[in-house]
Amino acid sequence: MERLQRKVEKLDRAVRKLKEVLSGNPWEVPEEVLCELRVKRFEYAFEALWQAAMAFLRERGLECASPRSCFEGLLLEGVVSAEEEETLVRILRMRNTLVHVYDEEEARKLAEEIARGSYASLMERILRELKKFAYKEA
């Protein structure tokens, strides 16, 4: 359970940091820097999300070895709906694209989608559910 709690805390920090860059530009940095911050924090939040999901599923006696299988496990355990699981798969595809994007314009478009999308809200909702389990909140 301690491992799950650490992963949930990491996810909590990552989601807060992501939401921070999605809510505006408090540092008044150039737009290209803000774009890079959004992309990088999205990647961190994604990694923290699937690792927390993996720790949660292990606590439940289930194994998953990839983000996709962990998201399927969240669906099976009732943490996410089928629609939310589809969104998680879209997030996975976006993350995979971002890792290999070398075109500044494409990266900018993806950063705008991150800013417009409800991805951070979904991550935050999953975080709340994982916290309930990790800390035995009813």
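Bear in mind that the values here come from a model prediction, so they are computed numbers and not experimental data. (Residues numbered from 1 in each chain as written. Predicted model: local features only at pLDDT ≥ 70, side-chain atom pairs only at ≥ 80, totals over all residues. Heavy atoms only, no water.)

Section: the overall build of the protein
- On a plain count of helices and strands, the protein comes out with six helices and zero strands.
- Counting from the amino terminus, the protein carries its helices and strands in the arrangement α-α-α-α-α-α.
- For 138 residues, the compact-globule estimate of 2.2 N^0.38 gives 14 Å, and the C-alpha radius of gyration of the protein, at 15 Å, lies within 12% of that figure.
- Expressed along its principal axes, the backbone C-alpha trace of the protein runs to roughly 45 × 25 × 20 Å.
- Taken across its 138 residues, the protein has 43% of its residues classed as buried.
- If you take every contact in the protein between residues at least 6 apart in sequence, the share linking residues at least 24 apart comes to 63%.
- If you sum the accessible surface of the protein, you get close to 7800 Å²; carbon and sulfur atoms cover 48% of it.
- One finds the centroid of the 25 positive side-chain charges in the protein at a distance of 4 Å from the centroid of its 27 negative side-chain charges. (Helix = DSSP H or I, 4+ residues; strand = E, 2+ residues; numbered from the N terminus. Rg over C-alpha atoms; globule rule 2.2 N^0.38 Å. Buried < 20%, exposed > 50% of the residue type's maximum accessible area, 1.4 Å probe, protein only. Contact = heavy atoms within 4.5 Å. Areas by Shrake-Rupley, 256 points an atom, 1.4 Å probe, with all protein chains shown as cover. Lys, Arg positive; Asp, Glu negative; His and termini not counted. Charge placed at Lys NZ, Arg CZ, Asp CG, Glu CD.)

Digging into the side chain of Arg-38
- For Arg-38, the position within the fold is in helix α2 (residues 31-59).
- Buried charged residue Arg-38 carries no salt bridge. Nearest counter-charge: Glu-31, at 4.0 Å.
- A polar contact of 3.0 Å, which involves the side chain of Arg-38, links it to the backbone oxygen of Val-21.
- Setting aside anything within four residues of it in sequence, one finds Arg-38 in contact with Leu-18, Val-21, Leu-22, Gly-24, Glu-31, Ala-111, Ile-114 and Ala-115. (Salt bridge = Lys/Arg side-chain N within 4 Å of Asp/Glu carboxyl O. Polar contact = N/O pair within 3.5 Å; in protein donor to acceptor, adjacent residues only side chain to side chain.)

Points about the packing of helix α4 (residues 82-99) against helix α6 (residues 119-134)
- At their nearest, the axes of α4 and α6 sit 11 Å apart, and the two run at 120 degrees to each other. As summarised for this structure, α4 and α6 are arranged oblique, according to the angle between their axes. Crossing of α4 over α6 shows left-handed handedness. In this structure, α4 uses Glu-84, Thr-87, Leu-88, Ile-91 and Met-94 to contact α6, whose residues at the interface are Tyr-119, Leu-122, Met-123, Arg-125 and Ile-126. (Axes fitted to C-alpha atoms, helices over the stretch in contact; angles between N-to-C directions. Parallel < 35°, antiparallel > 145°, perpendicular 65-115°, else oblique. Left-handed = near helix turned anticlockwise from the far one by under 90°.)

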